[in-house]
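Read off the chains here:
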Amino acid sequence: MGRVTIVSSLVIVAAVIGSITSYQVKPANYAKLVEKQKKFDEAFEKEFYVEHTKYVETGDRSERLQEMFEYMRQQPDMFRMEMDDHPLPYLTVECTACRALMTTYLTYRRVLGWDRDRIAAQAASTCETLNILTPANCVKIVDKNIDILLYIIDNRPALSAQTMCGIIFQSGTCVLEDPTFLNWSINVPAGGRPITGSKTSPNREASDIKIIHITDVHYDPHYRTGYNAVCGEPCCCREGQGIPSNPADGAGEWGDYRDCDSPWKAVEDAVRAAARQHPDATYVYYTGDIIDHGVWETTVAGNIVSMTRTYQLFRDVFGAKPVYPVLGNHENNPTNVFAPSYIDRSDFSASWLYDFSADQWSSWLPTATQQTIRQGGYYTALVRPGFRIIGMNNNDAYTFNWWILYDPAYLQAQLQWLHDTLLQAEAAGEKVHILAHIPIGAGTSYRTWARQYRRILDRFWDVITAHFHGHTHADEFNVFYSLANPQHAISVGFNAGGTVPFSNYNPNYAVYYVNPQTYQVTDFESWYFNLTEANQNPNRSPIWTQLYSFSRDFQLSNVSPASLDGLVRRFASNPTDLHRYWEMKVKRGDPFLAAGCSGDCLLNHLCQIVTNEANDDSKCNALAAIFRNLDDELFNEEK
């Protein structure tokens, strides 16, 4: 979603994003357009500071300042989209706004010496001006984040607006140039089996292990049927937002396509449906985000209540069946921010979350996992001889984790642990599944972190047999290509979508078939229900049906990296197949189907499959050359 002020808009949009991740194909003359945009941004940045300073001195907002605010104002559909899915004109405006507002607020703090309360009051005012939240909720979200941001700004005097916006956006004129944030690395010694081609796998067999993958339940304890689903805030259908005069604007019984999270009955129904329909599943994966999108009023106590209730549901429903969970970016309070372990301020630390998770997960995970969970929310567990799971907390590499701005190198520790764990697994002859909430390599995954992860994947491509993600709410997959040999597909990331309908989706979960010798995924399927039909029949449970069986629907022998790489190339030359994939990705959500997807929309979704690192457009460009000629009319040329 759109990103605008240092402690208000940036906080809100970062906290509530969680819809479909796509990719924005760049026009052929992108570099030229960026150079032109740089000049515009530099002029806008300087003029905004002058006009805004006059305003804070006099209390009078000039006509020009009003125009500039209007230029930066968020589009009405920004909250329902992951930032990767914003059209390039949106991203261009957001970057302009970020640079102008960051520069202005940094100057107020560092040069003019504004204190905490004055910064907070002005940031809340800007949040209100840009219509991001109600005035009261603007105050709440600023208060939740202001102390962290000021701590970072005050203790990193060299941190510039350009670097801050470069971390958050990683594109356009918000380019990350600071070597401190670009040049750190981890130790990955040479070794392992050489990559000589794309990775293959066995076909599906009757003896395959079955794994249920549930993600992103986003339970909202404040959800109320009939309450306002078009409230004008990032998260609606909540008790405090009232009952609308038009009944059609009221929240549905089983959830709502609009910007709403899940009532408890829908969370419970999804988990019970998965267990009921697949009693022969051996394991359950849960890839994060239990907490709702009402980020302006989350609390540690409230988050603990929601998480405790959800984990207990998993225990009650699945019984002795092992559940392997990871943390989502919404689990902490404030949302998204995961401080380095050496930050010992109690109001900044995530230790409460790590200790809580260690206790809750202890019924599923071995005792040996306790140390790393309490240290950073990640773990490894030997599931059976020859098969290991690694549960990562890659929320620390999410570009809206403010602590990246404080010390990007603190991310090295978990990555080095990952490398060392994989080295031990390799020596023991084990195969590994990696669970992580944020899709690895997505546009909101910090690019230096993604590059280091790709180095690890190149080294252990034969040990890592699959990745499992959440966060985007889209039922999708990503193909990973070798950093050293980009023609070779070496791994696949599977995303189970989410049981929450936020925004425009039908609820779903996924099921994987895994070879019991190689532990590679041989096939997968998705189960869902139509939210419109369910809400039309509020007095009975939703009807869960199979959305797809992937190999069958796309005529594949298996879903190996080699096979899916071939499918991606088929998508590039066959828009009909690509459109079918898009329908599955959006889980046939009625609003998505009504809006449709063709041309640029389809190409964006195609490119998302093969993008492993922000700004690495090589795979996308090759597919785009097959799919269509690029359109240069993506920027406003009149700027």
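Residues numbered from 1 in each chain as written. Predicted model: local features only at pLDDT ≥ 70, side-chain atom pairs only at ≥ 80, totals over all residues. Heavy atoms only, no water.

## Here we look at the sheet that holds strand S7 (residues 464-469)
With mixed pairing, the 6 strands of this open sheet are ordered in space as S4-S5-S6-S7-S9-S8. The open sheet has two edge strands with one neighbour each: strand S4 (379-384) and strand S8 (475-481). When strand polarity is set aside, the average angle formed by the axes of neighbouring strands in this sheet is 20°. The pairing of strand S6 (residues 431-435) with S7 spans 4 bridges and is classified as parallel. Among the inter-strand pairings, Val-432 is bridged to a residue of S7, identified as Ile-464. (Pairing = 2+ DSSP bridges. Helix = DSSP H or I, 4+ residues; strand = E, 2+ residues; numbered from the N terminus. Axes fitted to C-alpha atoms, helices over the stretch in contact; angles between N-to-C directions.)

## As for empty space enclosed by the protein
Applying the stated criterion across every chain, the model contains 5 cavities of 30 Å³ or more. Taken together, the elements giving at least two residues each to the lining of the second largest cavity come down to helix H2 (30-58) and helix H4 (88-110). A per-element tally of the lining of the second largest cavity places H4 first, with 4 residues. The class makeup of the residues in the lining of the second largest cavity is 7 nonpolar, 5 polar and no charged. (1 Å grid on protein atoms, 1.4 Å probe; cavity = no way out; pocket = protein on both sides within 12 Å on 5 of 7 lines; lining within 4 Å. Points joined across faces, edges and corners; volume = space filled by probe spheres on them. Nonpolar A, V, L, I, M, F, W, Y, C, P; charged D, E, K, R; others polar.)

## Observations regarding the UniProt feature "domain: Saposin B-type" (unreviewed entry) in the protein
The UniProt record annotates "domain: Saposin B-type" (unreviewed entry) at residues 91-178. Between the first and last C-alpha atoms of residues 91-178 the distance is 21 Å; the span itself is 73% helix and 0% strand. (UniProt positions renumbered as here; feature names shortened; annotations may be inferred.)

## Details of the packing of helix H9 (residues 264-277) against helix H10 (residues 300-318)
Across the interface, H9 lies against H10 with an axial gap of 10 Å and an inter-helix angle of 30°. Considering their axes alone, H9 and H10 lie roughly parallel with respect to each other. For the pair H9 and H10, the sense of crossing is right-handed. Of H10, the residues touching H9 (which contributes Trp-264, Val-267, Glu-268, Val-271, Arg-272 and Ala-275) are Arg-309, Thr-310, Leu-313, Phe-314, Val-317 and Phe-318. A breakdown of the residues in the contact of H9 with H10 according to their chemical character gives 8 nonpolar, 1 polar and 3 charged. (Parallel < 35°, antiparallel > 145°, perpendicular 65-115°, else oblique. Left-handed = near helix turned anticlockwise from the far one by under 90°. Contact = heavy atoms within 4.5 Å.)

## Quick word on the packing of helix H18 (residues 561-573) against helix H21 (residues 600-610)
For the pair H18 and H21, interaxial distance at closest approach is 11 Å and the crossing angle is 165°. Compared by their axis directions, H18 and H21 come out roughly antiparallel. The element H18 and its partner H21 pack so that their crossing is left-handed. Residues Val-568, Phe-571 and Ala-572 of H18 form the contact with H21, whose own contacting residues are Leu-606, Ile-609 and Val-610.

## Brief notes about the state of the cysteines
By the definition in use, this model includes 7 disulfides. Between the sulfur atoms of Cys-98 and its disulfide mate Cys-165 the distance is 2.1 Å. Because the torsion about its S-S bond is -100°, the bridge between Cys-98 and Cys-165 counts as left-handed. Taken together, the positions of Cys-98 in helix H4 and Cys-165 in helix H7 (residues 161-169) put the pair 67 residues apart, joining distant regions of the chain. Each member of the pair Cys-98 and Cys-165 is classed as buried. Across the disulfide from Cys-597 sits Cys-601; the S-S distance is 1.9 Å. Taking the sign of the S-S torsion, about -105° here, the bridge from Cys-597 to Cys-601 comes out left-handed. For Cys-601, a relative accessible area of 25% translates into the label partly exposed. Here Cys-235 stays free of any disulfide, with the sulfur of Cys-260 as its closest cysteine sulfur at 6.6 Å. Here Cys-235 falls in the buried class, since its relative accessible area comes to 0%. (Disulfide = S-S within 2.5 Å. Buried < 20%, exposed > 50% of the residue type's maximum accessible area, 1.4 Å probe, protein only.)

## Some remarks on the environment of Arg-459
Relative to the helices and strands, Arg-459 resides in helix H15 (residues 447-459). Overall, the relative accessible area of 10% leaves Arg-459 in the buried class. Sequence-wise, Arg-459 and Lys-46 are 413 residues apart; in three dimensions their C-alpha atoms are separated by 47 Å.

## Notes on the domain arrangement of the protein
Quoted interface sizes are often the accessible area lost when the parts come together. Each assigned domain of the protein is listed here: domain 1 (29-178) and domain 2 (209-223 + 261-572). Taking only C-alpha atoms into account, the centre of domain 1 sits 32 Å from that of domain 2. Across the boundary between the two partners, domain 1 contributes 24 residues, which contact 29 residues of domain 2. Summed over both sides, the interface between domain 1 and domain 2 buries roughly 2,600 Å², with carbon and sulfur atoms accounting for 64% of that surface. Taken together, the links from domain 1 to domain 2 amount to 0 salt bridges. Connecting domain 1 to domain 2 are 7 residue pairs in polar contact (both at pLDDT 80 or more). (Domains from an automatic or database assignment. Buried area = accessible area lost by both parts, 1.4 Å probe. Salt bridge = Lys/Arg side-chain N within 4 Å of Asp/Glu carboxyl O. Polar contact = N/O pair within 3.5 Å; in protein donor to acceptor, adjacent residues only side chain to side chain.)

## Some points on the side chain of Thr-107
In this fold, Thr-107 is placed in helix H4. With residues near it in sequence (within four places) discarded, Thr-107 still touches Tyr-49 and Leu-112.

## Brief notes about the sheet that holds strand S3 (residues 323-325)
The 6 strands lie next to each other as S3-S2-S1-S10-S11-S12, forming an open sheet whose pairing is mixed. The strands lining the two open edges of the sheet, one partner per strand, are S3 and strand S12 (545-549). Pairwise comparison of adjacent strand axes, ignoring direction, gives a mean angle of 25° for this sheet. Pairing geometry for strand S10 (residues 508-514) and strand S11 (residues 521-528), over 7 bridges, is antiparallel. Bridge assignment links Tyr-513 to a residue of S11, and that residue is Asp-523. Its contacts with the sheet place H9 against strand S1 (209-214), S10 and S11, and it is angled at close to 30° to S10.

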